[in-house]
Amino acid sequence: MKKFYCGAVVPGCQTTFLADSEEQILAKVATHAREAHGMEEVGDEVVAQVRANIRETG
Ligand SMILES: [Zn+2]
């Protein structure tokens, strides 16, 4: 499983994501970014930051 903590990119956000692949994490983050942070699009820079902060877990 892979894990991403939104607070790593958006300080103060407590949301965490768990998924089997980076692509699934990025899909969940895209929805969350739009609904919770008002980001219409997750640009390349944000995707790079998300990828850099994805961790392997259990
Ligand atoms: Zn967030």
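Fair warning: this is a prediction, and the values are worked out from it, not measured in the lab. (Residues numbered from 1 in each chain as written. Predicted model: local features only at pLDDT ≥ 70, side-chain atom pairs only at ≥ 80, totals over all residues. Heavy atoms only, no water.)

Participant: Kindly report on the coordination of the zinc ion, identifying the contributing residues and their values.
Facilitator: The protein atoms that coordinate the zinc ion are Cys6 (SG), Cys13 (SG), His32 (NE2) and His37 (NE2), at distances spanning 2.0 to 2.3 Å. Considering all four donor atoms around the zinc ion, angles at the metal cover 101 to 114 degrees and the coordination shape is tetrahedral. Written as a sequence motif, the donor arrangement for the zinc ion is C-x6-C-x18-H-x4-H. Placement of the pair is Cys6 in the loop between strand E1 (2-5) and strand E2 (16-19) and His37 in helix H1 (residues 22-37), with a sequence separation of 31 residues. On the accessibility criterion, Cys6 (4% relative accessible area) is buried. (Donors = N, O, S within 2.8 Å, 3.2 Å for Na, K, Ca; no water. Tetrahedral: all angles 85-135°; square planar, octahedral: opposite > 155°, others 65-115°. Helix = DSSP H or I, 4+ residues; strand = E, 2+ residues; numbered from the N terminus. Buried < 20%, exposed > 50% of the residue type's maximum accessible area, 1.4 Å probe, protein only.)

Participant: Give me the lowdown on the side chain of His32, citing residues and values where you can.
Facilitator: Among the structural elements, His32 can be located in helix H1. Residue classification places His32 among the buried residues on the basis of a relative accessible area of 13%. Looking at His32, its side chain comes within polar contact range of the side chain of His37, at 3.1 Å. If sequence neighbours within four positions are ignored, His32 has contacts with Cys6, Cys13, Thr15, Phe17 and His37. (Polar contact = N/O pair within 3.5 Å; in protein donor to acceptor, adjacent residues only side chain to side chain. Contact = heavy atoms within 4.5 Å.)

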